[in-house]
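Each chain, letter by letter, is given below.
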Amino acid sequence: MAQTPPSLTPQDALVAIMIAVSASDEQVRTSDLMAIQRIVGHLPIFDSYDSDRIGPVAQIVFDLFEEDEGLDALFGLIRDALEERLFETAYAIACDVAAADGTLGQAELRLLEEIRHELQIDRLHAAAIERGARARHLRA
């Protein structure tokens, strides 16, 4: 029987979403890790966050991805940790990580769709967030 993962802080939950997007295609790319580090290092929501927590949070995500209902469990942890006012922030940083390498694979697109659904991001807001991520990560 799987062990119940620990509860997450709001910042842990945001990191977990980023890690999940990065790992969704089973290849955690350097560009994804750099995007996660940049986001954690610069966004005000992470001002007091201990970046040493990224590793343990990543392990929770990887462990859950190995379980049959792991994605549902991950979304449960994330919803429990985040206030509704942070749902769009979570989706925005997920989009930034997905766009960081310049390509969006089917696995990333499916996970972003799941995140939109789980966090109840409406289509108009999602489209604006996605467009912003594309614009920020456009290559010359």
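Predicted model only: the values in this text are computed from it and were never measured.

Thresholds, definitions, all that
Residues numbered from 1 in each chain as written. Predicted model: local features only at pLDDT ≥ 70, side-chain atom pairs only at ≥ 80, totals over all residues. Heavy atoms only, no water. Salt bridge = Lys/Arg side-chain N within 4 Å of Asp/Glu carboxyl O. Helix = DSSP H or I, 4+ residues; strand = E, 2+ residues; numbered from the N terminus. Buried < 20%, exposed > 50% of the residue type's maximum accessible area, 1.4 Å probe, protein only. Axes fitted to C-alpha atoms, helices over the stretch in contact; angles between N-to-C directions. Parallel < 35°, antiparallel > 145°, perpendicular 65-115°, else oblique. Left-handed = near helix turned anticlockwise from the far one by under 90°. Contact = heavy atoms within 4.5 Å. Nonpolar A, V, L, I, M, F, W, Y, C, P; charged D, E, K, R; others polar. Core = buried A, V, L, I, M, F, W, Y, C linked by side-chain atoms within 4.5 Å.

Draft legend 1. Inspection of the pattern of salt bridges at higher detail. Tallied over the full model, the rule gives five salt bridges. The residue Asp12 makes a salt bridge to Arg53 at a minimum N-O spacing of 2.8 Å. Here the residue Asp12 occupies a position in helix H1 (residues 10-23), and Arg53 occupies one in the loop between helix H2 (30-42) and helix H3 (54-65), the gap between them amounting to 41 residues. Take Asp12: its relative accessible area is 2%, and that puts it in the buried class. We note a salt bridge from Arg136 to Asp96, for which the minimum N-O separation is 2.7 Å. Within this pair, whereas Arg136 is found in helix H7 (residues 123-136), its partner Asp96 is found in helix H5 (residues 87-99), the two being separated by 40 residues in sequence. Overall, Asp96 belongs to the buried group, its relative accessible area being 11%.

Draft legend 2. Structural detail: the packing of H1 against H2. In the contact formed by H1 and H2, the axes pass within 10 Å of each other and the chain directions differ by 165°. Taken together, H1 and H2 sit at an angle that is classed as roughly antiparallel. Once H1 is placed against H2, the crossing between them reads as right-handed. Taking contact as the criterion, the partners of Val15, Met18, Ile19 and Ser22 in H1 are, on H2, Asp32, Ile36, Ile39 and Val40. Counted by class, the contact of H1 with H2 contains six nonpolar, one polar and one charged residues.

Draft legend 3. The arrangement of the nonpolar core in detail. Val15, Met18 and Ile115 are the most contacted members of the largest nonpolar core, which has 47 residues in total. Within the residue set of this core, elements represented by two or more residues are H1, H2, H3, helix H4 (70-81), H5, helix H6 (106-118) and H7.

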